[in-house]
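Each chain is listed here by its residues.
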Amino acid sequence: MTRSIKNSYFLLLGIFLLASCAKKLTEVEKEKLPKRKTQDLIHVLDSISDIKPNLFYTKISTKFSDTNRNISFKTSIRLVKDSAINTLITYATIPVVNSMITKDSVVIVNKRDKCYIRQSMDYIKENFAVEFNYRNIEEMILGLPLDFDSTQKYFQLNDPFNYIISSHKKRDFRRIDRKEREDVLIQYYLNDNATGLKRMFIESPSDSASILIDYTERQRIGLFDIPKEVFIQIRSPRNNMRINMSYDKVEINEPKELILIIPESYGKCD
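Figured I'd write up the structure that's included with this text. (Residues numbered from 1 in each chain as written. Predicted model: local features only at pLDDT ≥ 70, side-chain atom pairs only at ≥ 80, totals over all residues. Heavy atoms only, no water.)

1. Topic: the pairing of strand β9 (residues 185-190)
Most of β9 sits out of view: six of its six residues are buried. Judged from the four bridges that link them, strand β8 (residues 163-166) and β9 form a sheet pairing that is antiparallel. In the sheet register, Ser166 faces β9, and the bridge partner there is Gln187. Where β9 and strand β10 (residues 197-204) come together, six bridges link them in antiparallel fashion. Each residue of the ladder has a partner; that of Leu190, found in β10, is Leu197. Counting the residues between successive antiparallel strands, the hairpin from β9 to β10 contains six residues, one of them, Ala194, with a positive phi of roughly 55 degrees. (Buried < 20%, exposed > 50% of the residue type's maximum accessible area, 1.4 Å probe, protein only. Helix = DSSP H or I, 4+ residues; strand = E, 2+ residues; numbered from the N terminus. Pairing = 2+ DSSP bridges.)

2. Focus: the pattern of salt bridges
For the structure on display, the rule yields ten salt bridges. Linking Glu139 and Arg135 is a salt bridge whose minimum nitrogen-to-oxygen distance equals 2.6 Å. Of the two residues, Glu139 and Arg135 are both situated in helix α4 (residues 134-142); the distance of four residues between them amounts to about one turn of the helix. Looking at Glu139, the relative accessible area reads 1%, which means it is buried. Asp192 is the salt-bridge partner of Lys198, the closest N and O atoms lying 3.8 Å from each other. (Salt bridge = Lys/Arg side-chain N within 4 Å of Asp/Glu carboxyl O.)

3. A few points about the side chain of Glu251
Position of Glu251 relative to the elements: it lies in strand β13 (residues 240-252). On the basis of relative accessible area, Glu251 is assigned to the buried category, the value being 12%. At 3.1 Å, the side chain of Glu251 forms a polar contact with the side chain of Lys256. When near neighbours in sequence (up to four residues on either side) are disregarded, Glu251 contacts Leu55, Phe56, Tyr57 and Lys256. (Polar contact = N/O pair within 3.5 Å; in protein donor to acceptor, adjacent residues only side chain to side chain. Contact = heavy atoms within 4.5 Å.)

4. A look at the nonpolar core
Generally speaking, soluble globular proteins have nonpolar side chains that are buried together. The biggest cluster of nonpolar side chains holds 53 residues, and the ones touching the most others in it are Phe56, Tyr188, Ile213, Ile232 and Tyr247. For this core, the element with the highest residue contribution is β13, accounting for six residues. Setting aside residues no more than four positions away along its own chain, Phe56 makes contact with Ile77, Arg78, Leu79, Ile141, Leu142, Ile226, Tyr247, Val250, Glu251 and Ile252. (Core = buried A, V, L, I, M, F, W, Y, C linked by side-chain atoms within 4.5 Å.)

5. Describing the environment of Val250
When you line up the elements, Val250 lands in strand β13. Looking at Val250, the relative accessible area reads 17%, which means it is buried. Placed 22 residues apart in sequence, Val250 and Lys228 show a C-alpha to C-alpha distance of 9.3 Å. When sequence neighbours within four positions are dropped, the list of residues in contact with Val250 reads Phe56, Tyr57, Thr58, Gln219, Ile221 and Ile226.

6. Observations regarding the state of the cysteines
Across all of its chains, the model carries one disulfide by this definition. What pairs with Cys115 in a disulfide is Cys269, and their sulfur atoms sit 2.1 Å apart. Across the S-S bond linking Cys115 and Cys269, the dihedral sits near 95 degrees, which makes this disulfide right-handed. Of this pair, Cys115 sits in strand β6 (residues 115-119) while Cys269 sits in the segment after β14 (267-268), placing them 154 residues apart in sequence. Classification of Cys115 as buried rests on a relative accessible area of 9%. Owing to a relative accessible area of 21%, Cys269 belongs among the partly exposed residues under this scheme. (Disulfide = S-S within 2.5 Å.)

7. Some words on unusual backbone geometry
Its identity is not glycine, yet Ala92 carries a phi of approximately 55 degrees, on the positive side. Note that Ala92 resides in the loop between β3 (84-91) and β4 (94-102). One non-glycine residue, Ala194, lies in positive phi territory at about 55 degrees. Mapped onto the elements, Ala194 comes out in the loop between β9 and β10. What makes Ala194 buried here is its relative accessible area of 8%.

Take it as geometry only, folks, not as evidence of what the structure does.
Written as structure tokens, this is what we have:
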């Protein structure tokens, strides 16, 4: 065996052994979770689904990418419970987009192009391939179970490493030609202590779209369990979006003025 071949052999052997050890360590670290009753997990989701502050403010550092672009920006969010969400997006400290979302409308002011958009909530679905209402956007910002309804029937999916409560049985997620394609299928992943929400997977078969929302880190502020680091992936036939959000600053129940001004010189955006 020549020196070069011998060295390559031992290098490959070392990599193989390290990979094997890493696999064994991963298998040891990932332990099965204790079994929990389905109703107990549903009760946890129900108990946290309506825990909302009356007033909410945060600054979020965002990294956004899709099939056409890759950008980073900051967003200030002012939220009045069940009423309005006011956002201001800045790029390189310069305000570029201001918006106001209410239960029935979306208004966006594009400061860079000096124009505005005034639409119904259908605008969300047309641009992001997901039919979110105002309540859903609030829930996503606050890290709450999306569209959870305690009067509906839910199922626990069999997974030894995760607590998963689902709007549908597992076989429904696999059926391509199911009759009720208008249904939206949601899976709620609870944390390992079964005390809070760590992830959601939403699928809309009629739109061939899916959304993964992963609350990778949270922060406790008073009575509220607020997201700190969030990863979102939206897949649709038209686009594939990836969003990383970091909550830099959070204020609870402290009054903030909601501001949206459309200058008279601005026209409607094309």
